[in-house]
Structures are given as structure tokens and as C-alpha cells.
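Structural description and commentary
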Amino acid sequence: MKLKNVFLSLLSLLVLSTFSFAQDNTVRGFIFDDETQEPIAYAKVILKSKGANPTTQGANSDLDGFFSLAQIDKGFYYISVRASGYIEIKDSIELKDVKSIQSLRFDLKKPEDVKEIEGVEISASDKSKTTEVEISMVKLDQKGLERLPSFGAENDIVSAISVTPGVVTTGDQGGQIYVRGGTPIQNKILLDGMTIYNPFHSIGFFSVFETELVKSADVYTGGFDAQYGGRISSVMDISYRDGNLNKLGGKFSISPFMAKAVMEGPLSKSKDSNSHAGSTFIFSAKKSLLDYSSRSAYPYVNDGTGLPFDFTDLYGKVTFKGDMGSKVSFFGFNNNDRVNYANVADLNWTSSGGGMNFLLVPSSSPIYIKGHLNGSGYKIFFQEDNNSAPRESSINGFDLGFDFTYFLKNQSEINYGINLGSFNTDFTTFNSAKTKIQIKDNNTEFAGYLNYRLITGRWVIQPGIRLQYYASLSEMMPEPRLAAKFNATEDLRFKVSGGRYTQNFTSASSDRDIVNLFYGFLSAPNSVPSTFTYPNGKVRDIDNGLQVAWHAIGGFEYDFTKHLSMNVEGYYKYFPLLANINNNKLYEDVSQFADIADEYKKDFLIESGYAYGVDVLLKYSKNRLFLWGVYSYGKTRRWDGFEYYTPLFDRRHNINLVGTYAFGKKKNIELSVRWNLGTGLPFTPTTGYFQGEDFSDGLNTNVNTSNVNELSLLTGTINSARLPTYHRFDITLKQNYELKNKNKLEIIVGVTNVYNRENIFYVNRITNEKIYQLPILPSVGVNYKF
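Below is a short write-up of the structure. Computed from a prediction, not measured in an experiment: that's the story for all the values here.

1. Things to note about the overall build of the protein chain
From N to C terminus, the protein chain includes 5 helices and 47 strands. A burial count over the protein chain gives 56% of its 786 residues as buried. Carbon and sulfur atoms make up 54% of the accessible area of the protein chain, which totals about 33,700 Å².

2. Notes on the sheet that holds strand β2 (residues 44-49)
Spatially, the 4 strands line up as an open sheet ordered β3-β2-β5-β6, and their pairing is antiparallel. The sheet terminates laterally at β3 (56-60) and β6 (89-95), the two strands that pair on one side only. Ignoring strand direction, the axes of neighbouring strands in this sheet form an average angle of 20°.

3. Remarks on unusual backbone geometry
Located in the positive-phi region is R180, a residue other than glycine, with phi close to 45°. Counting through the fold element by element, R180 comes out in the loop between β10 (177-179) and β11 (187-191). The buried category is assigned to R180, whose relative accessible area is 3%. At N719, a residue that is not glycine, the phi angle is positive and equals roughly 50°. Along the chain, N719 falls in the loop between β41 (711-715) and β42 (721-722).

4. A look at the pairing of strand β35 (residues 625-639)
With 15 bridges connecting them, strand β34 (residues 604-622) and β35 associate as antiparallel partners. From the neighbouring strand, Y620 faces β35, where its bridge partner is L627. Taking the residues between adjacent antiparallel strands as the criterion, β34 and β35 are bridged by 2 residues, where N623 takes a positive phi near 50°. Alignment of β35 against strand β37 (residues 653-663), held across 9 bridges, turns out to be antiparallel. Following the sheet pairing, Y633 is matched in β37 by H653. Relative to strand β36 (residues 644-645), β35 runs antiparallel, the two sharing 2 bridges. Among the inter-strand pairings, W639 is bridged to a residue of β36, identified as Y644. Two successive antiparallel strands, β35 and β36, enclose a turn made up of 4 residues, where G641 displays a positive phi of approximately 100°.

5. Concerning the packing of aromatic side chains
If you walk through the whole model with that rule in mind, you get 38 aromatic pairs. With 6.4 Å between their ring centres and 50° between their planes, F494 and F556 make a pair best called tilted. Placement of the pair is F494 in strand β27 (residues 492-503) and F556 in strand β32 (residues 547-559), with a sequence separation of 62 residues. Judged by its relative accessible area of 40%, F494 falls in the partly exposed class. On the basis of an interplanar angle of 10° and a centroid distance of 6.1 Å, the ring pair of Y610 and Y612 is categorised as stacked. Note on Y610: relative accessible area 19%, which makes it buried.

6. As for the nonpolar core
Ranked by size, the top nonpolar core spans 86 residues in total, and within it I203 and F209 carry the most contacts. With near-sequence residues (within four places) excluded, I203 lies in contact with D172, F257, L290, F309, F311 and L774. If you look at the next biggest cluster of nonpolar residues, it comprises 20 residues, including I31, I40, F67 and L69.

7. Some details on a nonpolar patch on the surface
A contiguous nonpolar surface patch, about 980 Å² in accessible area, is contributed by L248, F252, I254, L733, Y737, L739, I747, V749, V780, V782, Y784 and F786. Within the residue set of the nonpolar patch, elements represented by two or more residues are β15 (249-254), β43 (726-738), β44 (744-752) and β47 (777-785). Top contributing element to the nonpolar patch by residue count: β47, with 3 residues. With respect to the secondary-structure elements, V749 resides in strand β44.

8. Examining the environment of S92
Secondary-structure assignment places S92 in strand β6. According to the relative accessible area criterion, S92 is partly exposed, its value standing at 36%. C-alpha separation for the pair S92 and K48, spaced 44 residues apart in sequence, amounts to 9.2 Å. With near-sequence residues (within four places) excluded, S92 lies in contact with F76, Y77, Y78 and I79.

9. So, the pattern of salt bridges
Across all of its chains, the model carries 37 salt bridges by this definition. Across the pair E264 and R241 runs a salt bridge whose closest N-O atoms are separated by 2.8 Å. Of the two residues, E264 sits in strand β16 (residues 258-269) while R241 sits in the loop between β14 (234-240) and β15, which places them 23 residues apart along the sequence. Given the relative accessible area of 10%, E264 is considered buried. You can call R241 buried: its relative accessible area is 12%. Ionic contacts of the salt-bridge type, sharing partners, join the residues K129, R180, K485, R493, K495, E557, D559, E569 and D615 into one network.

10. Considerations on the environment of E758
Along the chain, E758 turns up in the loop between β44 and β45 (760-763). Residues E758 and Q773 lie 15 residues apart in sequence; the distance between their C-alpha atoms is 6.7 Å.

Rules used throughout
- For every chain, the first residue of its written sequence is number 1, and the numbers climb from 1 along that sequence.
- It should be noted that, the model being predicted, local features are given only for residues of pLDDT at least 70 and side-chain atom pairs only at 80 or more, the latter also being counted only at that level, while totals for whole chains, interfaces and linings use all residues.
- Side-chain numbers here rest on the full set of heavy atoms in the structure, without hydrogens or water.
- Elements are defined by DSSP. Helices are runs of H or I of four residues or more, strands are runs of E of two residues or more, and each kind is numbered from the N terminus.
- Each residue is placed in one exposure class: buried if its accessible area under a 1.4 Å probe, protein chains only, is under 20% of its type's maximum, exposed if it is over 50%, and partly exposed if it falls in between.
- The Shrake-Rupley method, run with a 1.4 Å probe, gives the accessible areas here. Residue values count only the displayed protein chains as cover.
- Two strands qualify as a pair provided DSSP detects at least 2 bridges between them.
- Interaxial angles span 0 to 180 degrees and are taken between N-to-C directions of axes, which are lines fitted to C-alpha atoms, for helices over the stretch in contact.
- Side-chain rings of Phe, Tyr and Trp (the six-membered ring for Trp) are treated as a pair once their centres are within 6.5 Å; stacked means planes under 30 degrees apart, edge-to-face means over 60, and tilted covers the remaining angles.
- The definition of a nonpolar core used throughout is a set of buried Ala, Val, Leu, Ile, Met, Phe, Trp, Tyr and Cys residues joined through side-chain atoms within 4.5 Å.
- Throughout, a residue-residue contact means that at least one pair of heavy atoms, one from each residue, lies within 4.5 Å.
- The patch calculation keeps residues exceeding 30% relative accessible area without a salt bridge and links them within 9 Å when they carry like charges or within 5 Å when they are nonpolar (Val, Leu, Ile, Met, Phe, Trp, Tyr).
- Counted as salt bridges are all cases of a side-chain nitrogen of Lys or Arg within 4 Å of a carboxyl oxygen of Asp or Glu.

What follows is the structure, given as C-alpha cells:
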């Protein structure tokens, strides 16, 4: 109750503060697509004063189409609005008062003939390069996602994330990613402000997200600002668009991999022809078809038994829009996934939830307000084989947050907000000694943050602070953040960032597992050793398993030409506190074993570690041709209190090459290719075998007569060997047909793993049976959009 009262008091204070900021002249508004009424992001707004010595100010619209020009002197101004692919709007405005707020709305139209705007290319990233730090960040949108080769004739955000600098995927199956030395549990995945606990399906080609709905996807691989917290490695912030306010539309598609449908349209519209207020809906559904199609389409896979993957994703949203851009949305989702790897594992998980978010622009305040309230749940079941004990994990929680933005002159701004969240976890597993570990927890977290972005001269400086309070642990964790950029020339920019990050989540699987299919959650454990010894001999007292990281990143951007650019970043992540499943546990943590070291009776171990590396990105984009080349070098090490070891995701070299070219006068034929090479991942070699003993009768077990029919392994130094190099080549060809009434038909032909590379997925240590990643998979798909 005390935490609730603190939250309500701070919220009231922040709301009142929206009316206390200095109110000089402010020109602000929203920019929309005239046809769909969707907001246009990264449009350029220029305000130019009238007179002998005119002054000019500019701003870019954000993802909601909102722009703001602050501290404007009174007078007469010319205003122009431009966006790539739209006809420019020119208008004028007069500010008669010393202090006022002028709210505007612009609806941009697309030309009938695309040639009318050829050469008037306005790049959002080009402008933001000089006004935002944008370090360790990749911006994606629907168009960018569709440029990449598709898997199974279906585009998915997975293909874009997997070619992001610093990202490592362990293969085609398992569906998890590792970012610059961090584990999947240390990645925060957001959809319209809601945490998605497991965004990737077991077949590594597909996520729970619908590409057709993606408005933006921002991937932060480190050094993210104070707005984000609760994870120590990376953030993926995904936003969906709203439904079409003007007409009913949709998309249907089918391929051997899946069938999906998207429907959208208006629910109500204002009777006033000059009003843009109304409500919309959008709904998407996709269902895996591999259970039905793979036996006949791919008879050579798994000895004719097909691909064992099955998943279903459902999503729906209703949005109510005001005339001047304010809106509120209500949404819900349900995802499930099931896979049965023959002789390896049986796994299934479900996830569901819903919530609301809103955007509010008070008429009498220069503050821009966004908020969200949502709740969701996730449950996973995993069993390695019929004889092993199952593992189960579930998490349920809610999240409430408010974000405020105050715009300053020259595109400087202040961002601040608060967040309240609560979740409960239920986790059951067995360690290598077959000792049962069961943990249930309830947790509450409260956070507040402040960011200040100052643009002065050639500098962009962004300090920030986040205060994260973990109520269940009675821990207040300050998290300072700092980022800066120096625009040395128009083409060369240097940038740095760093900060402290904490999280109250621990993985329900060990980072030492050979194949990590189980993706469960638990809160920071209390069953940890009371002390931890660092490599330099320093001993630290430990109260809980709260995880902590420090990031330090530096790099530069260089534009060779308007169409060719390079981004180089070096990073170092230090993890002073990490928690991991204790595979050494042999005793229960009871008074009977008080003289036994904690390392043999606690459920979890404390570890530390570090990761460092360099990421290089080359990007070329002009007219018909798009090229994307990434090279990543990385090294990750962990210290468990006794020795260093290499985690299973430590990939030393990773290369991703992507190319897309559009053919034909109408650019309606598109060829996309991708080649990925990753050096071998580490594994623990087998050095011998012996007849095991399960001590089923406890101390009364007679080892001379028990004759256990079980073979046990002797293993070498942990992760001291390397798997063979992974590489794969994919190709996709798309043909678009323009039908009547602007309906579109798209035929997609694709081949995954073109040269049928046998990449290792799993090796049975007893039988030495090898299970490979997915073989060559040709596919044909059809999309119909109306």
C-alpha cells in the first residue's frame, strides 16, 4: 500500500507539472497519410520567418506523426511539410501573442504518378543522424522488413533482428537470440509498451509478431537510455499501426509454412466531413501448416516424418482517435507453440494478455503524454525425453506506466516518466544431480526516469537517470546513463554511451546447457551463496541474485556518399553480478547440512563476466538496389567463483550479407539474398563413459548389487571444444501484380539453405546420433492484399 501511495503521489505531481512549464509560443501538430489516416513518421517540418533576415527552425515528426517547434517568437511564418513519397504542403501561420500554443494538422497525399516526387528523397535516418545519438540502435519499418529474404515465403521480423550488428542466433531451431554477450532472459521485448515474455517460436524463422502490422521496430543492442529498464543487455521496442479509418482492407497469404489473415477498417467516423475523429479495428491471425504440409512438401526431412513445429498467433486492436491526434487503443493477443524433437525433447508454451495505451496532447500545455496499462501471462512445459523429469515455468504480471515529453528549442527535449509493475513466477526443475528445485515468488517493481537531450552547436548530449526499486528485495538501484554525439562534419560523426543496468529476472535454464530450448522465468533468487569471490580474490557479500551490468560503447558514423554509409562501434559489457542454475547442488539447504559449503546446497550460483567486441555495418540504398553488410567480432567469458568458462553463445566471428534488387519498369519484381556465416559455438566434449548409480534407496543403496542399467558420462572442461562453422544461403523472388481497385497479388518463391549445408543442431552423447539444423527448404507462397 505504501508503494501504491508513492506511485499515485508522483503521478499527480507529474500531471500537475505539465501545466507549470514556461509557455512560450509553440507550434505543434500531427502529420497523417490522407488515404489511410495513419501517422507519418520522420516527416520534415520547416518554419521560416518572413522578413529581410529570415530565421528557420525545423523538426521531424515522431512515430505517432507528432512534431513540436518550441520557443518561437511572435510574427508571420511560412511552414512547409515534406515526407518521402508524398506531395509537399506549403502554408503560412501568424503568431500574434507572446505566449501561445498553435496546434496544426497536415494530411499528406501521395501523387498519382510516382515520378512527380522522384529525386525529392527525404531520409528520416539522415536527419536524425545529427539530432539524435542513435548509438547501438537499428531502426526498422515495414518496408525495411519486406526487403529481407523471407523464410517459407513469409516475411518476419526475425530475419531483420538476426542480421542486426551484435546479434547471435544459435541456429534455425530453438528461436532465441543473444545480444553482445547477453542471454535471452536479458533482452527486453516490447509491443506497444507491453512486455512480451517469449517473442520467438521454436522454429527459428518466425516470431509472434505480424509484419503487416509493424509500424516501427527499434533494436537497441546496448547503451540504451533511461526510459528503458528491467533488463541488462538489449531492448527491442516494436510498435503496431492502427487500422485504416477510411476503408475496409486486409491481406491473406498461404505457403507450406503457414496461413495468415489480416483485417482492418473503420468502426465509426465523425459525421462532420471536416473531422478526422473515429474508431478503427485491426485483427491478425496466423497458423503453422507444417504439421500438415511438411511430410509431402519435404519428405526428405527427419526420415519422412516432417517438421515437428506447430504454432498459432492471434492479435486484435481497437483504436479511438480524436480530431487532433490524441487517441486510446485497447488490444489483446494469444500465442501458442508446440514442438516435439524426436529423441530430443517435447516442448510447448502459451502466452496471452491484453491492455490499453493512450496518447494525449493537452490543449493548454506544451507537454506530450503517453501511457499504458497491460497484463499478460506465459507458461512453458519442457521434457528432454520420456525418462527425464519435466521442467515447467510460468509468469503472470501487469504493468502501468506514464511518459511525458517537453520540447525545447532546436529539437532539444526533456523526457521523464514513472512505471509500476508486478509479477509472479512459478518454476519447477531438476538439476544434473536429479535434485528437485521449486520456486514461487511474487514481486513488485517501481521506477522513475529522467532524460535530457541537449543539442548545442555540433554536440548532442543526453544524460539520464533511472531509479529502479525492487520492493520484494527492498533494493533501490540507481542507474545513471549518458550518451553523446559530436558532428565533426556533415559526413563524419563520433558517438559514445554508457550506463548501469539491473534486472530482477533470472533464467529458468542454465547458461551451460548444450541446447537451450527451455525458456522459463523466475525472479532474482534468494537461495544463493552468502559470498562471492571475484577473479582478483575480492570477496563480496551477497543477499540475492539481482543481476547487474555496466555498458561502455564508442564508435563513429561516416557517409561516403548520400547512399553509402558505414557505422563502426566497439563495446565492453561488464557483468559484476549474474545468477545461474546451480548444477553442483547435492544437498538440501537445511540445518542438517549446515557445514556443507553453499555452492553444494543453494539453488543458484552467483557469477560475474564480461563481453567485448566490434560491430561494423555497411549500408547502401539507392533506387532499385539495397545492400547490407555486417561483420561482428565478439568474446564473452563467465566467472563462477572458481574458474572462467565460455558460455554456449560465444561466437567469435559473425557475418551477414544481404542484397535486394527491384526489376522491371514498375519495380514489381524483387530479388533478395542473404548469406550468414558464424564460427563454431562452444560445447563440452565427452571424455568417457561409466555405469552410473542413481542411489534410489538413498544411504541404503548397495552399489555391489544394484546393477543400474544406466550409462553415465565423463565430460571434459566446460565448453572447451567448438562446433563446426555455421553458414547458410537464402534467396527469395517476389512478383507483384496490380489488380483492379488497387488490389494486389504477390507471388513469392524462396529457397532456404540453398546449398543444403548440414549445420549441427544436437548430438546425442550416448548414441552419437547427429541432428542437423534445417536442410534445403524450397517454398512458394501467395499474398492477396485489398
